[in-house]
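Next come the chains, spelled out residue by residue.
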Amino acid sequence: MHQPSPIRSACRALCAGLALLATAAGAQDARISDDVVRLGILTDLNGPFADITGPGSAAAIQMAIDDFGGQVLGRKIELIVADHQNKADIASSKAREWFDTGRVDAIMDVAVSAPALAVLEIAKQKQKVIIFNGPGLDRLTGDLCMPSTVHYVYDTYALANVTASAITERGGKDWFFVTADYAFGHSLQEQAGAVVAAHGGKVLGAARHPIGATDFASFLISAQNSKAQVVGLANAGGDTVNTIKAAREFGLTQGKNKQTLAGLLMYINDVHAIGLRTAAGLMLTEAFYWDMNDETRAWSRRYFEKMKKMPNMSQAGAYSSTMHYLKAVQAARTDDTAKVMAQMKATPINDFFARNGRIREDGRMVHDMYLFEVKTQAESRYPWDYYKRIATVPGDKAFLPLSQSKCPLVKK
């Protein structure tokens, strides 16, 4: 057997030693506050939005941490999870506590728009990173934008723009809205109404309901009496599911005077809960679908093993945004907010969630959006096979143009 020469062995030993010294020096050069990269998620763990964000989003973030190796720059990565109960005061109090005494470096999501707005203000005061995957209010990167905000998955403009324009162009000109009575619902209705009008349509009216409503009868009777061709659902989560189920019971989608339901924010979880018998034919816009390609299927099946359900766009976005943040910390060699954000904005996003995604100066992550139609029972071939892709809308067409942004950070 050939034996290595003493000189070669000595070189290998020297090189190994130098590598260890370089690693140690690199770890010393890295500046991580309190030697832990601590991430938080404020979400709805038990309420009407728990299925579309909640435990699933927390699990996706933990998957990203685990896939990253559980540490960055030799420091441990920790995840803290809290239930804000869909209340802005609880969300802001918890965020302040996390930043002041919990040493949280970044909040990776705040489900629901009202709590998100409250936490945005705290993050602004504390100059901390905050990434939104669950809420859709476009003001988060509009007039309320700040240097360390990222709106990652979708917003009300993109949802309304893609869905409402497609349906209106197909002949659905007269609209009535069933709207969740809070900031997100109002914004979604306003954006969709503007798109309908721009395409020659008309908004005949709207009915607003509280979060977690149990009886949609009066709202749907108003929609039925309007005789609108399209009933736009400007709500989310359990509210959307219950609206669609009630619409079927009231006969809105059957008979001579049937109306088209447009889900302005629908997740695959909603379709699963409703069932294809009721949901078939619905048009909706999403940023992600588990069954689009080999990469989406591979990651989604790993997620399914943990959660026993397929992921939705917000949960996939939670994973992708967490990986992007951790890579930025690694590249910047620090968890300093300004340096990490600069790295995140300078680095394109290419993974199973987005191709050639980028974070603009207003914090909007721009990527393709997809228009889907829900399959019939006969068309579905296997569990969770729910969507037909109708169109791919490039990010620069789906999201509000930067030239129209109200973000004060944008140079006009």
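Residues numbered from 1 in each chain as written. Predicted model: local features only at pLDDT ≥ 70, side-chain atom pairs only at ≥ 80, totals over all residues. Heavy atoms only, no water.

Novice: Just checking my understanding: could you explain the nonpolar core for this structure?
Specialist: Soluble globular proteins: nonpolar side chains tend toward being buried together. In terms of nonpolar packing, the biggest core is built from 114 residues, with Tyr325 and Phe353 touching the most fellow members. Excluding its chain neighbours within four sequence positions, the residues that come into contact with Tyr325 are Val37, Leu39, Asp105, Ala106, Met108, Val129, Ile131, Asp335, Val340 and Met344. (Core = buried A, V, L, I, M, F, W, Y, C linked by side-chain atoms within 4.5 Å. Buried < 20%, exposed > 50% of the residue type's maximum accessible area, 1.4 Å probe, protein only. Contact = heavy atoms within 4.5 Å.)

Novice: Would you take a moment to explain helix H2 (residues 54-67) for this structure?
Specialist: Residues spaced three or four apart along an α-helix point in a common direction, a consequence of the helix completing one turn every 3.6 residues. Helix length check: H2, at 14 residues, gives a terminal C-alpha distance of 20 Å against a target of 20 Å (1.5 Å per residue), a fit within 8%. Extensive coverage of H2 is indicated by the burial of 10 of its 14 residues. Buried within H2 we find Gly54, Gly56, Ser57, Ala58, Ala59, Ala60, Ile61, Met63, Ala64 and Ile65. Buried residues belonging to H2 abut strand E1 (36-43), strand E3 (75-83), strand E4 (106-110), helix H11 (294-307) and helix H12 (313-332). One or two residues past the end of H2 sits Gly69, with phi positive at roughly 100 degrees. (Helix = DSSP H or I, 4+ residues; strand = E, 2+ residues; numbered from the N terminus. Expected span 1.5 Å × (residues − 1).)

Novice: When you look at the sheet that holds E4 in this model, what are you seeing that I'm missing?
Specialist: Pairing in this open sheet of six strands is mixed, and the strands run E2-E3-E1-E4-E5-E6 from one edge to the other. Of all the strands in the sheet, the pair left with one neighbour each is strand E2 (71-72) and strand E6 (149-151). In the sheet, strand E5 (residues 129-132) pairs with E6 via three bridges, with the strands oriented parallel. Opposite Ile130, over in E6, you have Thr149 as the bridge partner. Sitting on the sheet, H2 is in contact with E1, E3 and E4, with an inclination near 180 degrees to E3. Strand contacts of H12: E1, E2, E3, E4 and E5, with the helix running at about 155 degrees to E1, the strand carrying the most contacts. (Pairing = 2+ DSSP bridges. Axes fitted to C-alpha atoms, helices over the stretch in contact; angles between N-to-C directions.)

Novice: Help me out: how do you make sense of the environment of Asp174 in this one?
Specialist: Looking at the secondary structure, you find Asp174 in strand E7 (residues 174-180). As for Asp174 and Lys306, which are separated by 132 residues in sequence, their C-alpha atoms are 43 Å apart. Every residue in contact with Asp174, bar those within four places of it in the chain, is listed here: Lys202, Leu204, Ala228, Gln229 and Val230.

Novice: Mind showing me how you'd approach the state of the cysteines here?
Specialist: Any covalent bond linking the sulfur atoms of two cysteines counts as a disulfide. Applying the stated criterion across every chain yields a total of one disulfide. Sulfur-sulfur distance for the disulfide between Cys145 and Cys407 comes to 1.9 Å. The disulfide joining Cys145 to Cys407 has a torsion of about 75 degrees about its S-S bond and is therefore right-handed. A residue pair is termed long-range when its members are at least 10 positions apart, and Cys145 in the loop between E5 and E6 and Cys407 in the segment after helix H14 (395-398) qualify at 262 residues. (Disulfide = S-S within 2.5 Å.)

Novice: Help me understand unusual backbone geometry, please; the structure alone is not making it clear to me.
Specialist: Of all residues except glycine, most have a negative phi; of all peptide bonds, most are trans. At Asn86, a residue that is not glycine, the phi angle is positive and equals roughly 60 degrees. Along the chain, the position of Asn86 falls in the loop between E3 and helix H3 (88-100). Here Lys308, not a glycine, exhibits a phi torsion of approximately 60 degrees, which is positive. Relative to the assigned elements, Lys308 resides in the loop between H11 and H12.

Novice: Is there a simple way to think about the pairing of strand E14 (residues 369-374) in this case?
Specialist: The side chains of a regular strand alternate between the sheet's two faces. Extensive coverage of E14 is indicated by the burial of five of its six residues. Sheet topology note: the strand E11 (residues 283-286)/E14 ladder contains four bridges and is antiparallel. Each residue of the ladder has a partner; that of Met283, found in E14, is Glu373. Across six bridges, the pairing between E14 and strand E15 (residues 387-393) is antiparallel. When the bridges of E15 are listed, Leu371 appears paired with Ala391.

These figures capture arrangement, not role.
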